[in-house]
Amino acid sequence: NGRREEWGTELTGLAATVVAEPNNQYDRNAVAVHVQGELVGYLPRDAAQLYSPPLQDLAERGEYLAVEARVWIAPPDDDYRAGSVTVVLPPPHGVQSFNELPGGPHKVLPFGGAIQVSGEDQHMDVLRRYVSDGERYLAVTLHLVEEQKTERSAPYSCVEVRLDGHRVGVLTKAMSGKIADVVQYVTERGKTPVCRAVLKGSPLRAELVLYVAKSHE
């Protein structure tokens, strides 16, 4: 998405990667930011010191952190062609998911806005194993299923959410429709769709929220 104004051009929703550079000659905690494959800068030194260790752990597993970026570019007639890049990062302890990613072929879907999961209270036998005193960052998988609220009601398609293979809730019919296309697209290509989730609550009651881009995004 792009928007041009008198004060410059703003690009939002760009794909960015955040990668530790332990061999950087100026700072062993350096963390580089790449937008659409191009190096655009580095995290501030104090932030890099916090993010470098978990990012290095990701790199050792052959993985990297993918996030969204906002880019602002000054007008072409500006005397000094300035610009800035902003990335949306999870907290350092949320860089890696608490649980492991699926062992088989999978695709981590792009980060997006919050989507509330429904029916978590019916699956506390699974969720209570993961709750903690604070937020817990998880990797969950998405699956298209047929649901039927009552014996007389018509079945409908929705997105089921699973945590380490166990069902932990579903998305509403309306919200399922907003990501069903991308879930189906990935599934038909022999991969399991994976997205980021945040779990909050207690062993008695918990709330699970997904952070995944909608199909149209």
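Shown above is the structure to which this text applies.
A brief look at the structure comes next. (Residues numbered from 1 in each chain as written. Predicted model: local features only at pLDDT ≥ 70, side-chain atom pairs only at ≥ 80, totals over all residues. Heavy atoms only, no water.)

## Here we look at the overall build of the chain
Inference 1: Within the chain, the secondary structure is distributed over three helices and 13 strands.
Inference 2: A principal-axis box enclosing the C-alpha atoms of the chain has dimensions of 70 × 40 × 30 Å.
Inference 3: Contacts in the chain between residues far apart in sequence, at least 24 positions, make up 60% of those at least 6 positions apart.
Inference 4: For the chain, the computed accessible surface area is about 13000 Å², with 49% contributed by carbon and sulfur atoms. (Helix = DSSP H or I, 4+ residues; strand = E, 2+ residues; numbered from the N terminus. Contact = heavy atoms within 4.5 Å. Areas by Shrake-Rupley, 256 points an atom, 1.4 Å probe, with all protein chains shown as cover.)

## Focus on the nonpolar core
Inference 1: Judged by nonpolar contacts, the single largest core of 26 residues is most densely connected at Leu142, Val161, Leu171, Leu199, Leu208 and Leu210.
Inference 2: If you list the elements that add at least two residues to this core, you get helix 2 (124-127), strand 9 (136-147), strand 10 (156-163), helix 3 (173-188), strand 12 (192-201) and strand 13 (206-211).
Inference 3: Discounting chain neighbours no more than four positions away, the residues touching Leu171 are Ile115, Gln116, Val117, Cys158, Val159, Val161, Ser176, Ile179 and Leu210.
Inference 4: The next biggest cluster of nonpolar side chains, apart from the first, holds 18 residues, and it includes Val18, Val71, Val87 and Val95. (Core = buried A, V, L, I, M, F, W, Y, C linked by side-chain atoms within 4.5 Å. Buried < 20%, exposed > 50% of the residue type's maximum accessible area, 1.4 Å probe, protein only.)

## Quick word on unusual backbone geometry
Inference 1: At Gln36, a residue that is not glycine, the phi angle is positive and equals roughly 50 degrees.
Inference 2: On the basis of relative accessibility, which here comes to 59%, the residue Gln36 falls in the exposed class.
Inference 3: The phi torsion at Asp164 lies on the positive side, around 50 degrees, for a residue other than glycine.
Inference 4: Note on placement: Asp164 falls in the loop between strand 10 and strand 11 (166-170).

The analysis is restricted to geometry; functional conclusions fall outside its scope.
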